[in-house]
Amino acid sequence: MKYRKLGTTGEELSALGLGCMGMSFAYGPADDKESLATLEKALDLGVNFWDTADMYGNGANEELISKVLVPNRDKIFIATKFGFRFKDGIAGPSSASGTYFDGSPAWMKVAVEQSLKRLKIDTIDLYYAHRVDPNVPIEETVGAMADLVKEGKVRYLGLSEVSANSLRKAHAVHPISAVQSEYSLLTRDVENGILKTTRELGISLVPYSPLARGLVTNKLNVDTLAIDDFRRTLPRYQSENIDNNNKLIENFAAFAASKSCTPAQLALAWVLAQGEDIIPIPGTKKRNYLQENVGAIEVKLTSADLTVINELINRYPIIGERYSEEAMKMVNH
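The structure presented is a predicted model; accordingly, all values stated were derived computationally and were not measured.

## Some details on the packing of helix 5 (residues 164–173) against helix 6 (residues 194–201)
- In contact at an axis separation of 9 Å, helix 5 and helix 6 are set at 20 degrees when each is read in the N-to-C sense. On the basis of the axis angle, helix 5 is roughly parallel to helix 6. The handedness of the crossing between helix 5 and helix 6 comes out as right-handed. Contacts between helix 5 and helix 6 pair Ala164, Leu167, Arg168 and His171 from the former with Ile194, Thr197, Thr198, Glu200 and Leu201 from the latter.
- Residues of the contact of helix 5 with helix 6, tallied by class, amount to 4 nonpolar, 3 polar and 2 charged.

## Observations concerning the pattern of salt bridges
- A full pass over the atoms with the stated rule returns 17 salt bridges.
- Residues Glu11 and Arg155 are paired through a salt bridge, measuring 2.3 Å at the closest nitrogen-oxygen approach. Here Glu11, found in the loop between strand 1 (3–5) and strand 2 (12–14), pairs with Arg155, found in strand 9 (residues 154–160); they are 144 residues apart in sequence, far enough to count as distant.
- Residue Lys150 is joined to Asp147 by a salt bridge in which the shortest nitrogen-to-oxygen separation is 3.9 Å. Of this pair, Lys150 and Asp147 both sit in helix 4 (residues 138–151), 3 residues apart, which is roughly one turn of the helix.

## Focus: empty space enclosed by the protein
- Here the structure, examined in full by the defined rule, presents 1 cavity of 30 Å³ or more.
- Approximately 30 Å³ is the volume attributed to the largest cavity.
- Taken together, Leu16, Gly17, Leu18, Val47, Pro282, Thr284, Leu290, Asn293 and Val294 form the lining of the largest cavity.
- Residue contributions to the lining of the largest cavity peak at 3 residues, all from helix 9 (residues 287–294).
- Looking at the lining of the largest cavity, its residues break down into 6 nonpolar, 3 polar and no charged.

## Observations regarding the environment of Glu200
- Here Glu200 shows up in helix 6.
- Taking the C-alpha atoms as reference points, Glu200 and Ala60, 140 residues apart in sequence, are found 37 Å from one another.
- In this structure the side chain of Glu200 is engaged in a polar contact, spanning 2.9 Å, whose partner is the side chain of Arg168.

Cut-offs and rules
Residues numbered from 1 in each chain as written. Predicted model: local features only at pLDDT ≥ 70, side-chain atom pairs only at ≥ 80, totals over all residues. Heavy atoms only, no water. Axes fitted to C-alpha atoms, helices over the stretch in contact; angles between N-to-C directions. Helix = DSSP H or I, 4+ residues; strand = E, 2+ residues; numbered from the N terminus. Parallel < 35°, antiparallel > 145°, perpendicular 65-115°, else oblique. Left-handed = near helix turned anticlockwise from the far one by under 90°. Contact = heavy atoms within 4.5 Å. Nonpolar A, V, L, I, M, F, W, Y, C, P; charged D, E, K, R; others polar. Salt bridge = Lys/Arg side-chain N within 4 Å of Asp/Glu carboxyl O. 1 Å grid on protein atoms, 1.4 Å probe; cavity = no way out; pocket = protein on both sides within 12 Å on 5 of 7 lines; lining within 4 Å. Points joined across faces, edges and corners; volume = space filled by probe spheres on them. Polar contact = N/O pair within 3.5 Å; in protein donor to acceptor, adjacent residues only side chain to side chain.

Keep in mind these values describe shape, not function.
Below you can see the structure in the form of structure tokens.
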């Protein structure tokens, strides 16, 4: 494993982290036995940066992770998030089903205690606001999060899917160490502003879904996904878009073969090549995919390779938003 610094903190995190959401939420049936084996495998491979959130399975993901986290606390840098709440108190069939966002200091104080209890730890390494609440000034949210640092319940602060303007306001209240945003070959919104701001302020970018929720792997068949897999609801996976998008993926896979790596490894290598301040967190709940993903660390891309990849993307531009229209309203605030 290779390691990268988290912002200006000096913390050494594995260059590839592990997104744990799918182990408990949004991607079909859970398999706790395999998920726990995957977490153990992550330790063996040196993947020390794990990412979860209180909404993943309505707390189930934090509880699952605790089984490996607690006996290996000194080996794991754990990140979790707060803010999304379920209207009926339980998780729906998709990640956006029946949710609303609450970034208030009052809810944060409740949420952090619940996360600490489920994770069975005294301190969260990195605590994110999962989105920016348009009804609560970001200064208020981050001010309350900063109190958690003073209390020793949280070490570092992060924001997810934040605009450059909100990030500047937040960072002025308390240092922000990480910004989490979707970033992949197929989702490059961060290049239009937020990435420049994170670099100016010395903040790490933590890309989630760096494999575009499996689309770039050339293994995804939407028709075979579980009925409750939330990718069925996303525009770029719909029938009118998927045929076009698969043309890009097929050509990308051919180029990966010429580099003697898998499409997933090539896609992750591309994200890693965008800068040492970028720490992607590909999600998986299976050991074989984790092992494959970690192999991306050894894939070397030349400037000529990067040019070929960009030409492919320009030739077959992706069609379809990354989220539903309603969910897109929650990003870039």
